[in-house]
Amino acid sequence: MTNFATKSATMPQKPHWKPDLDYSSSRFYIRRMNTTNTSGTDEIPVAKLPLIGFIYITKGEVLVEADGSSYLCQPGHILIIPAQCPFSIRYYHDAAGYTGAFHTSVLSDSKPLLFLTSPIHQAFWFDEAVFMAELFKMILAAFEKSDDVFIQKALDLFLSRIKSGQPPVLPPAVNVFLESAFDPQRPIGNITGYAQTVGISDNYLSRQVKQSTGHSVGAWIDKARLVRAKKLLAGTSLPIIDIASAVGLDDQSYFARFFKRETGQTPSEFRKTMQG
């Protein structure tokens, strides 16, 4: 089994896979993820693995877009991504957990995954979530010791907890809202605009978003606004007043206050840090 332990230890601890590593000869790898206090400057580039990928969250949250849908992974959530399925990390905040990938040849029985054509998003609750966190911790330790036998048995145990045919964790309306809010090709709007896109009332969208994600519609709009602002500040030379307008805030002073409240830095300070 090809071992990426040394390489993965030097990676930034973000919820994505290193784009310049060749995974084609690897059968399995795993690494710990920890984005506590990281800036998350922009959406992480689209990835497509020759392996089946997974993300397990123990803290914080990660928003993944894959196969035309958004998946909000929060503590106790697992996301399994089919091989060759393009996916992108749109947003993350104080996220910790594990990311990795495997080939079906690692498993003692690969039949349950032979027809995996779309992502599987499942929530574990209470004791089961604690058990899964401990299991991934042991899998990581086994990977670092090249203990292939334990890895196979642990992966079989992990996959035995996955239930096919479960309803999606996010309601369809919430999925469409998040996909729209974080789509870099669409202007950032307000709750009424997103409700119209989804085809439901403002109040109904507000209730569904709050109940299923723990955040309000307004909070998600601000998160999307911040992701886009960071990307423009870090990757372009656009004047700050133009960036404010690009994220839906025409008042530059308000944009500066909003940005500092969320990041602890002014837009100019953030740009200097990221481009310096």
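See the structure printed just above.
Note that the structure is a prediction, hence the values are computed from the model and not measured. Position numbers for residues start from 1 in each chain and track the written sequence from start to end. The predicted origin of the model limits local features to residues at a pLDDT of at least 70 and limits the giving and counting of side-chain atom pairs to 80 or more, whereas totals for whole chains, interfaces and linings rest on all residues. Note that the side-chain values use all heavy atoms of the structure and ignore hydrogens as well as water.

Draft legend 1. Geometry of the packing of aromatic side chains. What counts as a ring pair is set by centres within 6.5 Å for rings of Phe, Tyr and Trp (its six-membered ring), and what kind of pair is set by the plane angle: stacked under 30 degrees, edge-to-face over 60, tilted for all other angles. Enumeration over the complete set of coordinates arrives at 14 aromatic pairs. Plain terms: the ring middles of Phe182 and Trp220 are 6.0 Å apart, the flat faces sit at 75 degrees to each other, and that makes the pair edge-to-face. Taken together, the residues Phe182 in the loop between α4 (172-181) and α5 (191-198) and Trp220 in helix α7 (residues 217-235) connect sequence positions 38 residues apart. Trp220 matches Phe182 in its accessibility class, with the two residues each being buried. Judged by centre distance (6.0 Å) and plane angle (50 degrees), the ring pair of Phe255 and Phe259 falls under tilted. Here Phe255 pairs with Phe259, and both are found in helix α9 (residues 252-263), just 4 residues apart, close to one helical turn. Grouping residues by exposure puts Phe255 and Phe259 together as buried. Linked through ring pairs, Phe54, Tyr56, Tyr98, Phe102, Phe124, Phe136 and Phe158 together constitute an aromatic cluster. Its guanidinium or amino end placed over the ring of Trp220, Lys223 lies 5.5 Å from that ring's centre, counting from NZ or CZ. By definition, any uninterrupted DSSP run of H or I lasting at least four residues is a helix, any uninterrupted run of E lasting at least two residues is a strand, and each is numbered from the N terminus. Exposed residues in this analysis have more than 50% of their type's maximum accessible area, buried residues have under 20%, and partly exposed residues fall in between, with area computed by a 1.4 Å probe over protein chains only. Look at NZ for Lys and CZ for Arg. If either is within 6 Å of the ring centre and within 35 degrees of the ring normal, a charge sits over the ring.

Draft legend 2. Local environment of the packing of α7 against α9. Across the interface, α7 lies against α9 with an axial gap of 11 Å and an inter-helix angle of 100 degrees. Classified by the angle their axes make, α7 and α9 are roughly perpendicular. Residues Asp222, Arg225, Leu226, Ala229, Lys230 and Leu233 of α7 form the contact with α9, whose own contacting residues are Phe255, Phe258, Phe259, Arg261, Glu262 and Thr263. The residue classification treats Ala, Val, Leu, Ile, Met, Phe, Trp, Tyr, Cys and Pro as nonpolar and Asp, Glu, Lys and Arg as charged. All others, Gly included, are polar. For the contact of α7 with α9, a count of residues per class yields 6 nonpolar, 1 polar and 5 charged. A fitted line through C-alpha atoms represents every axis, and for helices the fit uses only the stretch in contact; the resulting angles, taken between N-to-C directions, go from 0 to 180 degrees. Under this scheme an angle from 65 to 115 degrees is roughly perpendicular, one under 35 degrees roughly parallel, and one over 145 degrees roughly antiparallel; angles in between are oblique. The contact rule is simple, with two residues in contact once any of their heavy atoms fall within 4.5 Å.

Draft legend 3. Up close: the pattern of salt bridges. We count a salt bridge whenever a side-chain nitrogen from Lys or Arg sits within 4 Å of a carboxyl oxygen from Asp or Glu. Using the criterion set out here, one finds 6 salt bridges in the structure. Measuring nitrogen to oxygen at the nearest pair gives 3.9 Å for the salt bridge that ties Glu61 to Lys223. A residue pair is termed long-range when its members are at least 10 positions apart, and Glu61 in strand β3 (residues 52-66) and Lys223 in helix α7 qualify at 162 residues. Across the pair, exposure class does not vary: Glu61 and Lys223 are buried alike. Between Arg161 and Glu128 there is a salt bridge, with its nearest N and O atoms 3.2 Å apart. Placement of the pair is Arg161 in the loop between α3 (148-160) and α4 and Glu128 in helix α2 (residues 127-144), with a sequence separation of 33 residues.

Draft legend 4. Seen up close, the side chain of Gln122. Tracing the backbone through its elements, the reader meets Gln122 in strand β7 (residues 120-123). In this structure the side chain of Gln122 is engaged in a polar contact, spanning 2.8 Å, whose partner is the backbone nitrogen of Lys163. Each polar contact in these results corresponds to two N or O atoms within 3.5 Å; when the atoms are within protein, one needs to be able to donate a hydrogen and the other to accept it, and residues that are neighboring in sequence are counted only if both atoms are side-chain atoms.

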